[in-house]
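# Chain and residue survey
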Amino acid sequence: MMRETRIVLRDIDIPDIDRLESYVLHGGYETLDRRRGSGPPRAVVEEVRASGLCARHGSWRPVIDAGRERFQRVCVSAHECAPGVFRQRKLLERNPHQFLEGLALLAYGVGACEAYVSLSSTMRKAGQVLSRALEEARAAGWVAASGAGSDTAPEVHLVWSPAGYPGAEPSALLNGLEGERPDPSLRPLELFEEPALVVDGDTLAYLPHIVGRGAEWFRSVGTARYPGTCVCCVSGHVRRPGLYEVALGSGTLGELIEDCTGGVRAQHSLKAVLVGGIGGSILSPSQLDVPLAPEDWALPGQGVFPGSLNDGSVVVMDDTTCMVQTAAELMDYCARQSCGVCPGCRAGTRGLAVLFARLEAGRAEPGDVGRARDLCAGMAPFLHDDEVSLCGLGTAAAWLAHGFLSGFGDEFAAHEREGRCPVNRDDSIKVPETISVRF
Amino acid sequence: MEWPREITEECTRVMGTVAVPRTALLTLLDLGQRRWGWVPPAWIEYVASVTDVHPARVRSLTASLPGLRDEPVGRHTVALCAGLACRLMGARSVADRVMELLGITWDETTPDGRITLLRKDCQGACSTAPVMQVDERLYTALTLERVEQILAALR
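Here's what I pulled together on the structure shown here. Just so it is clear, the structure is predicted and the values come from calculations on it, not from any experiment. (Residues numbered from 1 in each chain as written. Chains lettered and ligands numbered in written order. Predicted model: local features only at pLDDT ≥ 70, side-chain atom pairs only at ≥ 80, totals over all residues. Heavy atoms only, no water.)

### Brief notes about the overall build of chain B
- For chain B, the helix and strand inventory stands at seven helices and four strands.
- Reading the secondary structure of chain B in the N-to-C direction produces α-α-α-α-β-α-α-β-β-β-α.
- The C-alpha extent of chain B, read off along each of the three principal axes, is 45 × 35 × 25 Å.
- When each of the 155 residues of chain B is scored for burial, the buried share is 53%.
- Sequence separation of at least 24 residues holds for 57% of the intrachain contacts in chain B that already meet a minimum separation of 6.
- Of the roughly 6800 Å² of accessible surface on chain B, 51% is carried by carbon and sulfur atoms.
- Of the charged side chains in chain B, 18 are positive and 19 negative, and the gap between their average positions amounts to 3 Å. (Helix = DSSP H or I, 4+ residues; strand = E, 2+ residues; numbered from the N terminus. Buried < 20%, exposed > 50% of the residue type's maximum accessible area, 1.4 Å probe, protein only. Contact = heavy atoms within 4.5 Å. Areas by Shrake-Rupley, 256 points an atom, 1.4 Å probe, with all protein chains shown as cover. Lys, Arg positive; Asp, Glu negative; His and termini not counted. Charge placed at Lys NZ, Arg CZ, Asp CG, Glu CD.)

### Here we look at the packing of helix α4 (residues 87-94) of chain A against helix α6 (residues 124-139) of chain A
All names here are of chain A.
- One way to put it is that α4 packs onto α6 with a least axis distance of 8 Å and a crossing angle of 30°. Considering only the axes of α4 and α6, their crossing is left-handed. Residues Arg-89, Leu-92 and Glu-93 of α4 lie in contact with α6, whose contacting residues are Lys-125, Ala-126, Val-129 and Leu-130. (Axes fitted to C-alpha atoms, helices over the stretch in contact; angles between N-to-C directions. Left-handed = near helix turned anticlockwise from the far one by under 90°.)

### Comments concerning the pairing of strand β7 (residues 242-247) of chain A
Residue and element names in this part refer to chain A.
- Within β7, six of the six residues are buried, leaving the element largely enclosed by the surrounding structure.
- The sheet contact formed by strand β6 (residues 229-236) and β7 spans six bridges and is antiparallel. In the strand pairing of β7, Cys-230 is matched with Val-246.
- Count of turn residues in the β6/β7 antiparallel hairpin: five residues. (Pairing = 2+ DSSP bridges.)

### As for a nonpolar patch on the surface
Residue and element names in this part refer to chain A.
- Together, Leu-186, Val-341 and Leu-390 make up a nonpolar patch on the protein surface, roughly 280 Å² of accessible area in all.
- Considering the arrangement of structural elements, one finds Leu-390 in the loop between α15 (368-379) and α16 (393-407).
- A relative accessible area of 32% places Leu-390 in the partly exposed class. (Patch = residues over 30% accessible without salt bridge, like charges linked within 9 Å, V, L, I, M, F, W, Y side chains within 5 Å. Salt bridge = Lys/Arg side-chain N within 4 Å of Asp/Glu carboxyl O.)

### What to know about the pattern of salt bridges
Residue and element names in this part refer to chain A.
- Summed over all chains, the structure comprises 46 salt bridges over all chains.
- Residues Arg-35 and Glu-47 are paired through a salt bridge, measuring 3.2 Å at the closest nitrogen-oxygen approach. Of this pair, Arg-35 sits in helix α2 (residues 30-37) while Glu-47 is found in helix α3 (residues 42-51), placing the two residues 12 residues apart along the sequence. Summarising the burial analysis for this pair, Arg-35 and Glu-47 share the class buried.
- Between Arg-371 and Asp-368 there is a salt bridge, and its shortest N-O distance comes to 2.5 Å. Here the residue Arg-371 and the residue Asp-368 both occupy positions in helix α15, the gap between them amounting to three residues, near one helical turn.
- When salt bridges that share partners are traced, they join Arg-42, Glu-46, Arg-49 and Glu-69 into one network.

### With respect to the sheet that holds strand β1 (residues 76-81) of chain B
Residue and element names in this part refer to chain B.
- Judged by pairing direction, the sheet is mixed, and its four strands sit side by side in the order β2-β1-β3-β4 without closing on themselves. The outermost strands of the open sheet, each flanked by one partner alone, are β2 (115-120) and β4 (137-139). Each neighbouring strand pair of the sheet contributes to a mean axis angle of 25°, computed without reference to strand direction.
- Relative to strand β3 (residues 132-134), β1 runs antiparallel, the two being bridged by three bridges.

### Points about the packing of aromatic side chains
Residues and elements named next belong to chain A.
- In total, this model carries 12 aromatic pairs over all chains according to the counting rule given.
- Residues Trp-60 and Tyr-226 carry aromatic rings whose centres are separated by 5.9 Å and whose planes lie at 80° to one another, so their mutual orientation is edge-to-face. Taken together, the residues Trp-60 in the loop between α3 and β1 (73-78) and Tyr-226 in the loop between α10 (215-219) and β6 connect sequence positions 166 residues apart. For the residue pair Trp-60 and Tyr-226, the accessibility class agrees, reading buried in each case.
- Residues Phe-356 and Phe-412 carry aromatic rings whose centres are separated by 5.4 Å and whose planes lie at 55° to one another, so their mutual orientation is tilted. With a gap of 56 residues between them, Phe-356 in helix α14 (residues 343-360) and Phe-412 in helix α17 (residues 409-418) connect regions that are remote in the sequence. (Phe/Tyr/Trp six-rings, centres within 6.5 Å; stacked < 30°, edge-to-face > 60°.)

This is the structure in structure tokens:
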């Protein structure tokens, strides 16, 4: 029986945890206070490195690379706009001080006097809550007032970004902060010509816990290579959608769906699961025994499972779902979000969107499925994680479309052959039994 | 052009929080988007002047970034989520009812200029799908009755 192990979600149900007073009452800012009062900043970096904390937003790379440990600025990519992902905004809306303490700890550790938090414009409420929390943290001295940033308390700037999916990529984020087009580019990770550390917001939420309770404690949760937990965002046709924080490697995808979310709604059977959203994989029911740990997946851990866990979001689809329609919508999303810099992404996402839309609408031409396959192979040669696109959107789209075509090829072929959908679709409004961590 | 006072105050506040004016570029464009539901040409000129970025660059950003709109909208915007989870949970039914009630389709505005109907990419509230954003407010776990009430309350 798979159970939750809550670290960053531990306090999320405390009603007023978003207020400083309540956060402090529950032990908040104690770690930051203790660290700033004693011991060198370097110890924070060492603790984070020893804990093996990896970026939760999909790359699963170490938060602070081995090469460097002093940075002038910390830049936070608080972007969430891909289908199925809603973890970061919930963490910010409910527990903004946990995030700010993590940010202040990291800035203190690496010696940064300034921090920029870039919020995607889809996260309005998170931004409002964070602004208020920032005022409280400034007044209490946990972060510096305007113009008074120092290497013990950083000045934190909140900025908004309407840049969509590619805007979350570190180089795009830095371009945006420098007033350039927020597109990915080949550039050093510097802001205003000084070294900058780019991190994800949901990863920062772990820092108060790791620095407070020690790397050894963190390593006791999760797997040896990827310690800690993953906050899985589960949505779609399940009985109890919502956020579930599980220890990495503590169970399989099927167990998460059955044990935590209660499985697929009554009188229906599971047809497909989209794991990791756009950068992830589409799985069929026979693949649900894959463990929820990055090392078991080809990406990012070179594991045996041919797909990517990415950010660990999970969208469950039952037997009323048309996979061609789903693929068409997802590729349409990729085509609209593509910034147009990388040729494979620019042309490929649009081409796949057109082909899948044609198949779905019953206007397919003979050979369209084959054309889609060829396009995937052209966009991401040999379907390896080569640098086909700077931000990864082009590669991700090709992988995902390839997954749809290989896992649900019969359905695509039927659409092409018969010019209609063989699925008994259900567009009615569904009401889940309950929701874990409500909006 | 004369801007409402709360807008210029917010603009001044934003400019005060950044070390370099150009850093505020996206935030200020987003401020216009939030205030009017789209980014009017005069706001583009204004943002270009305060951030010291060439207006042509600001215009091209406004036209191309997914989160900005360069065409006018009605007094209210009703944006239905085009995300996967929303569709699975019944967003098509919601869309059908909204179109029936308003008599318009995507990207159209009611003849009285009251409401513009938009499709937006995933709003990130997937566990409470289907959802709909009215101006800046997000309504979750929609039912058809709720949709009717929400639309009826928009003047």
